[in-house]
Amino acid sequence: MVAAASVAVLAAGLVGCSSGSGGGDGGSATKGEITWWSWTPDNNVADAEIAAFNEKYPDIKVNYRKVPIDNYAALLRPALASNDGPDVFSVNATGSFSAKTFAAYAVDLTPDITKLLGDDWKSKVFDGGTKAFTIDGRLVAGQFAKVGAGIMWINKATFDKYKVTPPKTYDEWVAACKTFRANGLGCFREGMAGSAGFIVDTMHSIVDSVEPGLWAKALAGKAKWNDPGFVKSFEILRKMQDDGILDKGSTGIMQYPDVNNAFLTGKVPMVQMGTWYSQYSVKKNLAAAVEGAGGSSGGDSVVELPIPFPDVAGQGNPSTVFSDVDAGHAVNAKSKNRNAAITFALWMGHTKDGQQAVVNGLDSVATLKGVQPDFDKIELVAPDVQRPELEKLATSLDGKLDPRYGTTLSAEVSQAIIDASQAMVSTSKSATDVANDLQSVADSQG
């Protein structure tokens, strides 16, 4: 928990914080207009976070632009190379829009965080985020969102309608899907097109079912991606499609918007998403999302619940949750309102008020220690059934977990996992050959 002394520092606010790393005076720390680009959160969640920020800083106007995740890096790079890029831009730990990729454009936030939280600031935030966003000794982003994955989400309303019990085993999953398909629905849909890589999480869960810890070993370079456990896991993925668990056509659709919209409009009752999907348990968030997906029910027919990933290997291994920092705020060194941008960036991730606004949207898990969602102030769609499961999910990320991607899963290897998964559901290529191709890409990365 954050110590009492730290809370006093947080309460003092961010007035006057300025690293000056970008040259020039950077403008006022409490006034100005800034732009924020990110792939997360949804617009209505961002609006609530900005509104909470403006309660403390009414003279800083924040304009949010949500950029599709698959286009984010391609649009961000030329924007930052110009003199008119966003003042604040989100980065993640690995891949095409990682902190390392965009470090050259970012201010070093170390002096500002030290001023805000004290010399021991590292002990007050998620260690994985600090490591991920420290590049060559510079803290190029202030973490504000952590996520976990390795879970499934079901629409309980659909399960109840057809009297289906959430599956725990492979055979139960097959039986559930037969019922849903007999009633004109899909079952488990996965988007493998693009480079966002949600199939990477699904493969991680399958591998954990086959051999717990193997994925973490591969990330650490202590196991090969063509280990027998990976070969078996790819075989299971193909079998999932052959046996009617996985909806066909996954290589031609994307997780966002295609799979997301299908779930929100009731076309499929089950998806693999991480903790960020908790946000659609909030009544106003769900209504906005259903409308955006083309639905007309206002969300009344979607009662989402997290469930453990089924035991697809049939070996009795428990479902696992894995976690990483999801997003951090980087401040554009060219920003003419750099100090106001720093104020916003650090408020959101390093003050109790900011983190409370983040976690109450149920889009992300806190990166500042000691902050949990205030469920008494969150209007859930079906609180009696959702709240216990969401509270359990939130606390499950407090402990030390295996990394989701860590800082070692390169964009190239991530794409190779996507390519391997695509090959398993759309070609007759053997799982051994697919895994060997994946390992070849990993070998080329050194």
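Residues numbered from 1 in each chain as written. Predicted model: local features only at pLDDT ≥ 70, side-chain atom pairs only at ≥ 80, totals over all residues. Heavy atoms only, no water.

Colleague: Could you give an account of the packing of helix H14 (residues 338–350) against helix H15 (residues 352–360), naming the residues involved and the relevant values?
Modeller: Relative to each other, H14 and H15 sit at 70°, their axes nearing to 5 Å. Relative to H15, the element H14 is oriented roughly perpendicular. Residues Trp-347, Met-348, Gly-349 and His-350 of H14 touch H15, and the partners they reach there are Lys-352, Asp-353, Gly-354, Gln-355, Ala-357 and Val-358. Here the contact of H14 with H15 is built from residues that sort into four nonpolar, four polar and two charged. (Axes fitted to C-alpha atoms, helices over the stretch in contact; angles between N-to-C directions. Helix = DSSP H or I, 4+ residues; strand = E, 2+ residues; numbered from the N terminus. Parallel < 35°, antiparallel > 145°, perpendicular 65-115°, else oblique. Contact = heavy atoms within 4.5 Å. Nonpolar A, V, L, I, M, F, W, Y, C, P; charged D, E, K, R; others polar.)

Colleague: Outline helix H2 (residues 43–56), supporting the account with residue identities and numerical values.
Modeller: For H2, built from 14 residues, the straight-helix expectation of 20 Å at 1.5 Å per residue is met to within 8% by its first-to-last C-alpha distance of 21 Å. Listed in full, the buried residues belonging to H2 are Val-45, Ala-46, Glu-49, Ile-50 and Phe-53. Each buried residue of H2 lies within a common arc of 130° when the element is viewed along its axis, so the set occupies one face. The secondary structure elements touched by the buried residues of H2 are strand E1 (32–38), strand E2 (60–66), helix H13 (283–292), H14 and H15. (Expected span 1.5 Å × (residues − 1). Buried < 20%, exposed > 50% of the residue type's maximum accessible area, 1.4 Å probe, protein only. Arc of directions from axis to C-beta.)

Colleague: Kindly report on the side chain of Gln-439, identifying the contributing residues and their values.
Modeller: Position of Gln-439 relative to the elements: it lies in helix H18 (residues 431–444). The exposure class of Gln-439 is buried, given its relative accessible area of 7%. For Gln-439, the residues in contact, after removing those within four places along its chain, are Lys-224, Trp-225 and Asn-226.

Colleague: Provide a residue-level description of the pairing of E1, including the pertinent values.
Modeller: Sheet analysis places E1 next to E2, joined by seven bridges and oriented parallel. Residue pairing in the sheet places Thr-35 in a bridge with Asn-63 of E2. Between the parallel pair E1 and E2, the chain is carried across by H2, and the sense of this crossover is right-handed. Sheet topology places E1 next to strand E3 (residues 88–91); two bridges connect them, and they run parallel. (Pairing = 2+ DSSP bridges. Right-handed = clockwise from strand over helix to strand, strands pointing away.)

Colleague: So what's going on with helix H17 (residues 411–426)? Residues and values would help.
Modeller: Its 16 residues place the ends of H17 22 Å apart at the C-alpha level, agreeing with the 22 Å of an ideal helix rising 1.5 Å per residue. Among all positions in H17, only Val-413, Ser-414, Ala-416, Ile-417, Ile-418, Ala-420, Ser-421, Ala-423, Met-424 and Val-425 are buried. Residues of H17 that are buried sit in contact with helix H9 (198–210), helix H10 (214–219), helix H11 (228–242) and H18.

Colleague: Describe in detail the side chain of Asp-311, supporting the description with residues and values.
Modeller: Looking at the element boundaries, Asp-311 is found in the loop between strand E10 (304–308) and strand E11 (322–331). Of the side chains with opposite charge, Lys-232 lies nearest to the buried Asp-311, which makes no salt bridge, at 8.8 Å. Polar contacts involving the side chain of Asp-311 include one to the main-chain amide nitrogen of Gly-316, which spans 2.9 Å. Apart from the residues within four sequence positions on either side, Asp-311 is in contact with Lys-168, Thr-169, Tyr-170, Ser-209, Gly-316 and Asn-317. (Lys, Arg positive; Asp, Glu negative; His and termini not counted. Salt bridge = Lys/Arg side-chain N within 4 Å of Asp/Glu carboxyl O. Polar contact = N/O pair within 3.5 Å; in protein donor to acceptor, adjacent residues only side chain to side chain.)

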